[in-house]
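# Summary of structural features
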Amino acid sequence: MKKVKLLRSRHWFDDPDTPGMTALYLERYLNYGLTREELQSDRPIIGIAQTGSDLAPCNRHHLELATRIKEGIRDADGVPLEFPVHPIQETGRRPTAALDRNLQCITLIEVLHGYPLDGVVLTTGCDKTTAALLMGAASVNLPAIALSVGPMLNGYHLGNCVGSGSVIWDARCKLSGGEIDKEEFMELVAGSAPSVGHCNTMGTALTMNCLAEALGMTLPGCASIPAAYRERQQMAYLTGKRSVELVGEDLTCSEILSRKAFENAIAVCAALGGSTNAPVHINAIARHAGVPLSMSDWQEAGHRVPLLVNCQPTGEYLAEDFHRAGGLPAVINEMLNAGLLHPDQITVSGRTLGENYAQCHIIEPKVIKPVREPIQPDAGFMVLTGNLFESAIVKVSAINQSFRDEYLSNSDDPDAFEAVAVVFDGPEDYHARINDPSLNITKKSILVMRGAGPKGYPGSAEVVNMQPPDTLIKQGTLALPTLGDGRQSGTSAAPSILNASPEAAAGGNLAILKDGDKIRIDLNTRRVDVLIEDSEIAQRQQKLQLKIPESQTWWQQVYREHVSSLSSGAVFDDMVAYNDIGKKIPRHSH
């Protein structure tokens, strides 16, 4: 391994020009058994950004994996220092875990900048931890490598395969329709979480860890290994070893997170049938990396990519099946051979994407399809615009045949429909009123959720995938068109129009929408418009009084004051101006 001229950590532990300061830093790090030789040698000090805790069950297995990471670092002649970052748990954090993505990013940045670290292993898993740690690492620009905790094993209930997250949306409909009672509902959901690890569907967690690999930030094959498999422990060891080599090679995030890398990630997301949360997170990582990326890039680089992976929520199989079928390496190899990816992009392995995956192949074609026989052509997100918002997305692969037959099959107006708005101001309003018969909700209605964006919620909530009223469900209508300025879980198969930007709380036109307004959705022109005159829109805007709930904590206030729209990654614009800060040694503490 090539030695760098001066390890960053030696500015703390072995600076001959300031022996008094060196002594100050060195002394306390010896108190639990580290030696002067370890801290004052040419051995890189590698941080392990620990996202696992009892509060974060999806990532908790990292508490075990860290042992193998440390052993890998040691065997590569490095010194590991494990540290916690702010916890994130998608389903445990109220009002929404999206608040904490940026907070976890901040904590990582401040640790990497202010402490004696030469490189870092990022322990990813639950969707927002992957985004947060990559955002932070991109800003600091030290040698960094990610390790996913891995998905849970396949879940089963009464012999049937059930996927985490996805089963909840299905079970809610069954409960509302009277097919199951509350006890059966709980038992069904419990069956979907059989082991350590993150969601076992192609939700946001597996999507984002696959995209971390597609970006080049993990070792090949890392994303899909189930958390409980021995290979996950082996990957942890190899990741630890490689983290030390990255320091010696001075291979930093800026060399890996290029424009080509982000275009690769967009294309891979389409082939996976990936989560609708991916654009928010990938755009945020790009902002922190200083790489221009916009929603138009998702349309241009992703929409024409075919769907290759048959996984829930839009397919049949789960993450364990995906891994056994060849996992992401098989998908990338197929895409490389079809010319759908940039093969020359460098990765943390030190090799290019093309070199990493040249020998990979599909093992089970029921789960991973070849490009010549895709599940669906042109399966990437469709980016929409109109007089209600500047941008929103719809997951094309989530438009199933029954929805298409009901709304998109008019021979006189194909791939388009009109619906009458029923507007809800936040999920509390929805849950309180969805079964109110006076709303007159029919198959011709579109359910609109507003006040659910980054400023309005705050943090942006996964609440747009609203189910119909119980009366319609009992009649067999399990899905209505939905539209909103919030998000939906990546485990949901609803073909919602999501992430509308600007949001209602920022003065976007969802704020002026009224019950009974007719909305036209046209996938041919990629437009969503409320069918009222421009003059009426202007009059409503003049009278608009924004409805924003009071901040419950100081952090919510700060978040609201600084956060950008979902389309630009829901980042802090003044924060992304600070990048490459790892090379700037901070001032002394005394």
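Right, let's walk through the structure included here. Since we're looking at a predicted model, the values are computed, not measured.

Cut-off values and rules
- Residues numbered from 1 in each chain as written.
- Predicted model: local features only at pLDDT ≥ 70, side-chain atom pairs only at ≥ 80, totals over all residues.
- Heavy atoms only, no water.
- Buried < 20%, exposed > 50% of the residue type's maximum accessible area, 1.4 Å probe, protein only.
- Helix = DSSP H or I, 4+ residues; strand = E, 2+ residues; numbered from the N terminus.
- Arc of directions from axis to C-beta.
- Contact = heavy atoms within 4.5 Å.
- Polar contact = N/O pair within 3.5 Å; in protein donor to acceptor, adjacent residues only side chain to side chain.
- Core = buried A, V, L, I, M, F, W, Y, C linked by side-chain atoms within 4.5 Å.
- Axes fitted to C-alpha atoms, helices over the stretch in contact; angles between N-to-C directions.
- Parallel < 35°, antiparallel > 145°, perpendicular 65-115°, else oblique.
- Left-handed = near helix turned anticlockwise from the far one by under 90°.
- Pairing = 2+ DSSP bridges.
- Phe/Tyr/Trp six-rings, centres within 6.5 Å; stacked < 30°, edge-to-face > 60°.
- Nonpolar A, V, L, I, M, F, W, Y, C, P; charged D, E, K, R; others polar.
- Expected span 1.5 Å × (residues − 1).
- Salt bridge = Lys/Arg side-chain N within 4 Å of Asp/Glu carboxyl O.

## Concerning helix α8 (residues 182-190)
Owing to its 3.6 residues per turn, the α-helix aligns residues three or four sequence positions apart on the same side. Of the positions making up α8, those classed as buried are Phe185, Leu188 and Val189. Along the long axis of α8, the arc covered by the buried residues comes to 95°, so they all point the same way. Facing away from the buried side of α8 by more than 90 degrees, the exposed set consists of Glu183, Met186 and Ala190. Tucked into the core, α8 has its buried residues touching β5 (155-157), β6 (160-162) and α7 (166-176). At the N-terminal end of α8, a side-chain oxygen is found 3.2 Å from the backbone nitrogen of glutamate 183, two or three residues along, and the residue is aspartate 181.

## Observations regarding the nonpolar core
In terms of nonpolar packing, the biggest core is built from 174 residues, with Ile282, Trp298, Phe322 and Ile519 touching the most fellow members. Discounting residues that sit within four places of it in the chain, tryptophan 298 has contacts with Ile266, Cys269, Ala278, Pro279, Ile282, Asn283, Leu293, His303, Phe381 and Val383.

## A few points about unusual backbone geometry
The step from tyrosine 457 to proline 458 runs through a cis peptide bond, and the omega angle for that step is 0°. Here proline 458 is to be found in the loop between β10 (445-450) and α20 (470-474). The omega torsion across serine 501 and proline 502 is 0°, close enough to zero to call that bond cis. Structurally, proline 502 is set in the loop between β12 (497-501) and β13 (518-522). Positive phi values are uncommon outside glycine, yet serine 460 reaches one of about 75°. Its location among the elements puts serine 460 in the loop between β10 and α20. Using a relative accessible area of 2% as the deciding quantity, one classes serine 460 as buried. At aspartate 580, a residue that is not glycine, the phi angle is positive and equals roughly 55°. Of note, aspartate 580 is situated in the segment after α22 (554-562).

## Describing the packing of helix α12 (residues 259-272) against helix α16 (residues 327-337)
The contact between α12 and α16 brings their axes to 11 Å, and the two run at 110°. By the criterion of interaxial angle, the relationship of α12 to α16 is roughly perpendicular. Once α12 is placed against α16, the crossing between them reads as right-handed. Listed contacts from α16 to Ala267, Val268, Ala271 and Leu272 of α12 are Leu328, Val331, Ile332 and Met335.

## A short note on the sheet that holds strand β3 (residues 119-124)
The sheet built from four strands is open, its strands ordered β2-β1-β3-β4 with parallel pairing. If you trace the sheet from one side to the other, it starts and ends with β2 (79-84) and β4 (144-148), each paired once. Sheet twist, expressed as the average angle between the axes of neighbouring strands with direction ignored, equals 25°. Across five bridges, the pairing between β3 and β4 is parallel. Looking across to β4, one finds that threonine 123 is bridged to leucine 147. Contacting β1 (45-50), β3 and β4, helix α6 (residues 127-140) crosses the sheet at an angle of about 165° to β3. Set on the sheet, helix α10 (residues 230-249) makes contact with β1, β3 and β4; between it and β4 the angle comes to about 175°.

## Some points on the packing of aromatic side chains
The final tally for this structure, using the stated rule, is nine aromatic pairs. Ring geometry for phenylalanine 13 and tyrosine 29: centres 5.3 Å apart, planes at 75°, overall edge-to-face. Residue phenylalanine 13 is found in helix α1 (residues 10-13), and its partner tyrosine 29 is found in helix α2 (residues 19-29); the two are separated by 16 residues along the sequence. According to the relative accessible area criterion, tyrosine 29 is partly exposed, its value standing at 24%. Among the aromatic residues, those joined into a cluster by ring pairs are Phe403, Tyr407 and Phe417.

## Notes on the packing of helix α9 (residues 204-215) against α16
Two numbers describe a pair of packed helices, the interaxial angle and the distance between the axes. It is the contact of α9 with α16, at a shortest axis distance of 11 Å, that shows an interaxial angle of 50°. If you check the angle between α9 and α16, you find them oblique. For the pair α9 and α16, the sense of crossing is right-handed. Contacts between α9 and α16 involve Cys210, Glu213 and Ala214 on the former and, on the latter, Leu328, Pro329 and Ile332. Along the lines of polarity and charge, the residues of the contact of α9 with α16 split into five nonpolar, no polar and one charged.

## Focus: the pairing of β12
Across the five residues of β12, five count as buried, placing the element largely inside the fold. Here strand β8 (residues 391-394) runs beside β12; their pairing, made up of three bridges, is antiparallel. Bridged to valine 394 within β12 is isoleucine 497.

## Overview of helix α4 (residues 62-75)
The end-to-end C-alpha separation of α4 is 19 Å, in line with the 20 Å expected for 14 residues at 1.5 Å each. Looking at the buried side of α4, the elements it contacts are β1, β2, β3, β4 and α10.

## Some points on the pairing of β10
Among the six residues of β10, six are classified as buried, and the element is accordingly described as predominantly covered. Side chains of β10 alternate between two faces, with Ser445, Leu447 and Met449 and Ile446, Val448 and Arg450 buried alike. Judged from the six bridges that link them, strand β9 (residues 416-425) and β10 form a sheet pairing that is parallel. Residue pairing across strands places valine 423 opposite valine 448, the latter belonging to β10. For β10 and strand β11 (residues 482-484), the ladder comprises three bridges, and the chain directions are parallel. Opposite leucine 447, over in β11, you have threonine 482 as the bridge partner.

## So, the pattern of salt bridges
Under the definition given, this model contains 32 salt bridges. A salt bridge links arginine 404 to aspartate 415, with the shortest nitrogen-to-oxygen separation between them at 3.2 Å. A residue pair is termed long-range when its members are at least 10 positions apart, and arginine 404 in helix α18 (residues 401-407) and aspartate 415 in the loop between α18 and β9 qualify at 11 residues. Taking relative accessible area as the criterion, aspartate 415 reaches 27% and is therefore assigned partly exposed.

## With respect to the environment of isoleucine 548
Positionally, isoleucine 548 belongs in the loop between α21 (534-543) and α22. Note: C-alpha distance between isoleucine 548 and serine 501 (47 residues apart in sequence) is 16 Å. Discounting chain neighbours no more than four positions away, the residues touching isoleucine 548 are Lys455, Ala505 and Arg560.

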